[in-house]
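A structural walkthrough
Here is what each chain is made of, one letter per residue.
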Amino acid sequence: MSKRLLLTPGPLTTADATRAAMQRDWGSRDTDFIALTARVRERLVAICHGGDDYSCIPLQGSGTFAVEAMLGTFVGPTDKLLVLENGAYGRRASAICRRMSRAHVALSWDEDTPVDTDQLSDALAADPSITHVLAVHVETTSGLLNPITKIGAAVAATGRHLLIDAMSAFGALPLSATEVEFDAVAASANKCIEGVPGIGFVIARNEALETTAGHSPATVLDLYEQWRGFEANGQWRFTPPTHVLAAFDAALDGFEAEGGVAGRGGRYRQNCRILTQGLTALGLKLYLEPEVQAPIIVTVHQPTDPNFDFDKFYDSLGAQGLVIYPGKLTKVDSFRIGCIGQVFADDMARVVTAVGETLAEMGVRLSPETS
Ligand SMILES: *Cc1c(COP(=O)(O)O)cnc(C)c1O
């Protein structure tokens, strides 16, 4: 049987070398583990061209731990956050603020509509009490690409502070601190860097970090304290995810060998092209317009033929080693297929073939495009 593919927003299919890196046990105070931590932190800052002005603060946990830590640490008790919402991850940021009793307002768009930066500028002009803005680079809910450079310019023009959830974009789509003025960006090990799950991280501007002492309502999610800990002795404050970090370092080797952001993003774009062209040719309808589709995950309308049954479709693909993902849209029935992780052009062609065969077996009729 051919290899099992995770065509999901994460965790993803990983490389053998990444998993193999977890075979050794590390002590948290070993000098080589301290060096490993420092190396991974530096490599992550380099991906977004942060230079000496930015620091990476890794954190035990999944990506949302890093987002919650970023919001709690950077949005202080007297600050106010504007959340740019066009999917579940923007809404989750608002829910986190509500839970932490941080002042926040939202600007919302439909799940297929990118952030409109004119509306953003108007909202910032209208409410001088807004201090920070949270943007989601790629809304994984649909696969929607938000215009992060224009958002950065609009936020910087009014002297506000930008926080970015770049979870599903970091490493695959360019995000440079020299082009986008951000205070902090959150991502995780198990998305486009293709590590194993267990580490989130925030890359933050040192000058902004300096102002955040005492903000975090949670001890374990306090990025200021986590940063001071790393700077003081190179160690994690609490038990580090040692094996996950070793795997992350190996995944970064693979990322660099592939040519960094350009190489990885190029492969994902090719994967996405094969997938979207193949599904369209079968007669399936994609949710997003091509110009706003990020090469990360593709949302597909469920066929309207009554013979279509998502659970059967999912199980049948799963039996062939292809793990897809349910939809997360609020208004339409959909499913999602990811283009990220250790999946390549021939894998995507296999997915398209299997989707076509599975729908045919279910007796689902589509109207393929004839062009
Ligand atoms: C995956 C993801 C997260 C974090 O999800 P976890 O399940 O906590 O890892 C946050 N934001 C976006 C945009 C994501 O794609």
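Residues numbered from 1 in each chain as written. Predicted model: local features only at pLDDT ≥ 70, side-chain atom pairs only at ≥ 80, totals over all residues. Heavy atoms only, no water.

1. A few points about the sheet that holds strand 11 (residues 297-301)
Applicable threshold: Here, any two strands with at least 2 DSSP bridges between them count as paired. Put simply, DSSP H or I for four residues or longer makes a helix, DSSP E for two residues or longer makes a strand, and each gets a number counted from the N terminus.
Spatially, 11-14-13 is the arrangement adopted by the three strands of the open sheet, whose pairing is antiparallel. The two strands at the open ends of the sheet, each matched to only one other strand, are strand 11 and strand 13 (325-326). Pairing between strand 13 and strand 14 (residues 334-338): two bridges, direction antiparallel. Its bridge partner being in strand 14, Pro-326 is matched across the sheet by Phe-335.

2. What about the sheet that holds strand 9 (residues 184-188)?
Heads up, the condition is: Under this scheme, a helix contributes an axis fitted over its contacting stretch, all axes are lines through C-alpha atoms, and angles between N-to-C directions fall in the 0 to 180 degree range. Throughout, a contact is declared for two residues whenever any of their heavy atoms are within 4.5 Å.
The strand order across the open sheet built from seven strands is 2-10-9-8-5-3-4, with neighbouring strands paired in mixed fashion. Single-partner strands in this sheet number two, and they are strand 2 (54-60) and strand 4 (103-108). Recorded for the sheet is a direction-independent mean angle of 20° between the axes of neighbouring strands. Taken together, the three bridges between strand 8 (residues 161-165) and strand 9 define a ladder with parallel strand orientation. Counted as the bridge partner of Leu-163 is Ala-184 from strand 9. The strands that helix 5 (residues 117-126) touches are strand 3 (80-85), strand 4 and strand 5 (132-136); relative to strand 3, the one it contacts most, it runs at about 160°.

3. A few points about the site of the ligand
The test is simple: Proximity is defined per residue: if any heavy atom of the residue lies within 4 Å of a molecule or strand, that residue is considered near it. A 3.5 Å cut-off defines polar contacts: any pair of N or O atoms within that distance qualifies, except that in protein one atom must be a possible hydrogen donor and the other a possible acceptor, and neighbouring residues in sequence count only when both atoms are side-chain atoms. Calculation of accessible area relied on Shrake-Rupley with a 1.4 Å probe; when residues are assessed, cover is drawn exclusively from the protein chains displayed. Under this grouping Gly is polar, as are all residues other than the nonpolar Ala, Val, Leu, Ile, Met, Phe, Trp, Tyr, Cys and Pro and the charged Asp, Glu, Lys and Arg.
The environment of the ligand is formed by Ser-62, Gly-63, Thr-64, Tyr-89, Arg-92, Val-136, Val-138, Thr-140, Asp-165, Met-167, Ser-168 and Lys-191. A distance of 2.6 Å is found between a nitrogen atom of the ligand and a side-chain nitrogen or oxygen belonging to Asp-165. In the environment of the ligand, an oxygen atom lies 2.7 Å from a nitrogen or oxygen atom belonging to the side chain of Lys-191. Considering the ligand on its own, with 380 Å² of exposed area, one finds that the protein chains cover 84% of that surface. Where the shell around the ligand is concerned, the elements lending two or more residues are helix 3 (63-74) and helix 4 (88-99). Partitioning the shell around the ligand into residue classes produces four nonpolar, five polar and three charged.

4. Structural notes on the domain arrangement of the protein
Here is the rule: Start and end positions for the domains come from either an automated domain assignment or a database one. Buried area: the sum, over both parts, of the accessible surface (1.4 Å probe) that disappears when the two are put together. What counts as a salt bridge is simple: a side-chain nitrogen of Lys or Arg found within 4 Å of a carboxyl oxygen of Asp or Glu.
As assigned here, the protein comprises domain 1 (5-9 + 259-362) and domain 2 (16-257). Every contact between the two is made by 26 residues of domain 1 and, on the other side, 29 residues of domain 2. For the pair domain 1 and domain 2, the summed buried surface comes to about 2200 Å²; carbon and sulfur atoms form 57% of the total. Among the residues domain 1 hides against domain 2, the three largest losses belong to Val-261, Arg-264 and Lys-328. Together they make up 27% of the total. Remark: the boundary between domain 1 and domain 2 carries three salt bridges.

5. Comments concerning the nonpolar core
Cut-off, in case you're wondering: Residues grouped as a nonpolar core are buried Ala, Val, Leu, Ile, Met, Phe, Trp, Tyr and Cys residues, joined through side-chain atoms within 4.5 Å. Each residue is assigned to one of three classes by its accessible area relative to the maximum for its type, calculated with a 1.4 Å probe on protein chains only: buried under 20%, partly exposed between the two thresholds, exposed over 50%.
If you look at the biggest cluster of nonpolar residues, it comprises 81 residues, and the most contacted ones within it are Leu-44, Leu-71, Leu-84, Phe-170, Phe-182 and Ile-203. If one sorts the elements of this core by residue count, helix 9 (residues 242-257) sits on top with eight residues. Apart from the residues within four sequence positions on either side, Phe-170 is in contact with Leu-44, Ile-47, Cys-48, Ala-187, Cys-192, Ile-193, Phe-201 and Ile-203.

6. Section: the environment of Ile-148
Relative to the helices and strands, Ile-148 is located in helix 6 (residues 148-157). In sequence terms Ile-148 and Glu-289 are 141 residues apart; their C-alpha atoms lie 18 Å from each other. Contact partners of Ile-148, with chain neighbours within four places excluded, come to Ala-135, His-137, Ile-164, Leu-175 and Val-180.

7. Observations concerning the pattern of salt bridges
This structure, assessed with the given rule, holds 17 salt bridges. As a salt-bridge pair, Asp-347 and Lys-3 come within 3.8 Å of each other at their nearest N and O atoms. Pair noted here: Asp-347 is in helix 12 (residues 345-362) and Lys-3 is in the segment before strand 1 (5-6), with a separation of 344 residues, a long-range link. For Asp-347, a relative accessible area of 7% corresponds to the buried category. One salt bridge in this structure joins Arg-24 and Asp-32, with 2.8 Å as the shortest N-O distance. For Asp-32, a relative accessible area of 35% puts it in the partly exposed group. Salt bridges linked by common partners bring Arg-39, Arg-43, Asp-249, Asp-253 and Glu-256 together as one network.

8. Re the state of the cysteines
Note the cut-off: Count a disulfide wherever a pair of cysteine sulfur atoms falls within 2.5 Å.
For the coordinates displayed, the defined rule picks out zero disulfides. With no disulfide partner, Cys-48 has as its closest neighbouring cysteine sulfur the one in Cys-56, 8.5 Å distant. The exposure class of Cys-48 is buried, given its relative accessible area of 0%.

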